Amino acid sequence: MIIQLLNGLQLAMLLFLLSVGLSVVFGLMRFVNLAHGTLFMLGAFVGLSTVEATGSFWLALAAGTLAAAVAGGLLYLGLLRRLQPAGPLKQVLVTFGLIFIGLEVARLVWGDYAERLPGPASLAGATEIFGVYYPTYRLFVIALGLAVAALLHFGLERTRLGAVIRAGVDDRTMTAALGIDIDRVFFAVFVVGCALAGLAGVVAGPVLSVYAGMDMGVLILALVVVVIGGPGSLKGAFAGALLVGMAETFGQVWLPEVAGMLLYGLMAAVLVLRPQGLLPAGPRA
Amino acid sequence: MTPPASHSRHAVALLLAVLAVGYWLASGYYGKELVAETAITAILAMSLSLLVGQAGLVSLGHAAYFGIGAYALAGFGQKLGWPPALAMAAAVAVGALLALVVGWVAVRLAGVFFIMITLAVGEMIHAWFLKDRSFGGVGGMSGVPRLDLSGIGVDLADPAQFALFALAVALLVYLLLDRLVLSPFGQTLRAIHQNEERARALGCPVGRYKLAAFVVAGAVAALAGTLAAQRSAFVSPELMTWTLSGEILIVVIVGGSGSLLGVSAAAALWIGLRHQLSTMTDHWMLAMGVIFVVLVLVAGDGIDGALRGLWRRIAARRAARRAA
């Protein structure tokens, strides 16, 4: 039971890292980057190659994160920004096409085989927690997710840039009218979101296996997180990730037959009862 | 959104059918397979065209309804041993039912959210059949029964005859959907697409119309799925991957989303192109992704729009000559 809770928490933290960028970008720009999962996969593969070349997991963590950030930045400047006048629908569809391209590029560069990214030696083994032995690496994943969440929370709530982002989510036009270069803010948010996706990819490497096509499963879960949590909000992404992570984990254990339907039911229930999501962004009361 | 076609459209439909039959006559074994695949793809594309082109609902999970039709036929026809005709009808009903359950939630959402939820649900269904052992999991299941048309001298186990049968079904689906598009129901869908607020203000139950379109599209996609299952007597989760949903969306965009004949012609082009690409490289999906991105970037009205523009120009020139 405690082990399943921890497993659920661990999946939730991965999902949080992945979906927070998706969610805040949506809040600012009203479009969803469906190639977000592809950046997750890119991070994992770059991390894998780095570990194979240097043997250092921590270097891999940095390289995977950086690769996803750079790829995301280029993607935005080269393609997505130009599509802005055409509206969000075109942007979303273009990013859907990018999934195909990313998948085939990954197959060409890294081949068709699934590989496991070795975790750091310092986090090997298990640690006793709440009376059970649990893999140390997975505890690290949980801690990392919580740390990133706390950092983002502090950044959004306590810094000037955070205030600008929140203002942009509330009312983009008004924020721009106040003399803030909202496009630059958005670019920064987009790149940070992509970097987090890459980070999640490397972190997930030792837990899930790394293969061309690993992006789709996590993308779907991330989309559900964004829809359930309420797009545009950090708290929403966190709550959504917790809910989806737990539902996935306990669903697989208790009701493996209907685990998929459980997720759909959860999403349907939230959308019917609270179409705006659990904790949507917006002016606080 | 495309306005209803002119009266010449049935002539174009006939021309397309004649071309397909001509190709069928001229080609060898593999060509007949391509005709069957084109007919099935055309049915699937026409069903998505109703959603995208008429109702303005861009679904990224349409392969799920196609696949569920195929699996339902396998379930009823093979596992439960129902007569194939009954199993086929039941499979179409299952497609409609699934669309009803998904659409009930999805049509409440607009634009980007609708895309997200259709993609997510489509992949959930795909994941379900990947895992589920009772239908063979990843490996799929063979031995799906075919419709028995020996009464009219047709043997669907023969690929050549099956291709003609699929073509006939495609033509039938075209005629039915064409009536639907021109009916008050189709007009209402276009009105909603054009201006949802206004349609709502005029007292139109917008959600119910969208749901009805979603259900019809799901049922027709399931029908296409039952044909796909009968073609190879085999079902596998491949039938419902997101890549297929993407392919069909390409076909619909190229064909000029709302034009049933445009998307059917585009289906033929696509099957031909994909066949070419896949004989050249194992990585044809890369080309497909590039085509997808470029298409979305440049897409105007697709084939249908281009032809109409040409026709209008010719007509204008003729009128000018007559005036002179």
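Whatever comes next refers back to the structure up there.
Residues numbered from 1 in each chain as written. Chains lettered and ligands numbered in written order. Predicted model: local features only at pLDDT ≥ 70, side-chain atom pairs only at ≥ 80, totals over all residues. Heavy atoms only, no water.

Draft legend 1. Summary view of helix α9 (residues 214-229) of chain A. Residue and element names in this part refer to chain A. Taking 1.5 Å of rise per residue, 16 residues should cover 22 Å, and α9 covers 23 Å from first to last C-alpha, within 8% of that figure. Of all 16 residues in α9, 15 are buried; the element is thus mostly enclosed. Directly after α9, the chain includes G230, whose backbone phi takes a positive value near 100 degrees. (Helix = DSSP H or I, 4+ residues; strand = E, 2+ residues; numbered from the N terminus. Expected span 1.5 Å × (residues − 1). Buried < 20%, exposed > 50% of the residue type's maximum accessible area, 1.4 Å probe, protein only.)

Draft legend 2. Focus on unusual backbone geometry. A positive phi angle, near 45 degrees, is found at F130 of chain A, a position not held by glycine. Within the secondary structure, F130 of chain A sits in the loop between β1 (126-129) and β2 (132-135). Judged by relative accessible area, F130 of chain A falls into the exposed class, the value being 61%. The phi dihedral of A233 of chain B is positive, around 55 degrees, even though this residue is not glycine. Summarising the element assignment, A233 of chain B is placed in the loop between α9 (206-232) and β2 (234-235).

Draft legend 3. Examining the side chain of S23 of chain A more closely. Residue and element names in this part refer to chain A. Structurally, S23 can be placed in helix α1 (residues 2-29). Of the residues examined, S23 reaches a relative accessible area of 1% and is grouped as buried. Contacts of S23, omitting those with residues within four sequence positions, involve V226, G230, P231, G232, S233 and A237. (Contact = heavy atoms within 4.5 Å.)

Draft legend 4. Local environment of the nonpolar core. With 210 residues, the main nonpolar core has L34, F96 and M267 of chain A together with L119, V235 and L249 of chain B as its most contacted residues. With 15 residues, the top contributor of residues to this core is helix α2 (residues 29-55) of chain B. Apart from residues no more than four positions distant in its own chain, M267 of chain A is found in contact with V224, V227 and I228 of chain A together with I117, V121 and M124 of chain B. The next biggest cluster of nonpolar side chains, apart from the first, holds six residues, and it includes L6, A12, Y134 and I142 of chain A. (Core = buried A, V, L, I, M, F, W, Y, C linked by side-chain atoms within 4.5 Å.)

Draft legend 5. Spatial organisation of the packing of aromatic side chains. Taken as a whole, this structure holds 25 aromatic pairs over all chains when the rule is applied. Between F96 of chain A and F292 of chain B the ring centres are 5.5 Å apart and the planes differ by 65 degrees, which places this aromatic pair in the edge-to-face class. With one member in each of two chains, F96 of chain A in helix α4 (residues 88-110) and F292 of chain B in helix α12 (residues 284-298) form a pair that bridges those chains. In this structure, F96 of chain A and F292 of chain B share a single accessibility class: buried. Over the ring of W24 of chain B we find K32 of chain B, and its NZ or CZ is 5.2 Å from the ring centre. Sitting over the face of the ring of W104 of chain B, R108 of chain B holds its NZ or CZ atom 4.5 Å from the ring centroid. (Phe/Tyr/Trp six-rings, centres within 6.5 Å; stacked < 30°, edge-to-face > 60°. Lys NZ or Arg CZ within 6 Å of the ring centre and 35° of its normal.)

Draft legend 6. Representation of the interface of chain A and chain B. Of the residues lining the interface, 42 residues belong to chain A; the matching set on chain B comes to 38 residues. Of the roughly 3600 Å² buried between chain A and chain B, counting both surfaces, carbon and sulfur atoms make up 85%. Inspection of the region where chain A meets chain B yields zero salt bridges. There are one residue pair in polar contact (both at pLDDT 80 or more) connecting chain A and chain B. Where the side of chain A that touches chain B is concerned, the elements lending two or more residues are α4, α9 and α11 (259-273) of chain A. (Buried area = accessible area lost by both parts, 1.4 Å probe. Salt bridge = Lys/Arg side-chain N within 4 Å of Asp/Glu carboxyl O. Polar contact = N/O pair within 3.5 Å; in protein donor to acceptor, adjacent residues only side chain to side chain.)

Don't take any of this as a statement about function, it's just geometry.
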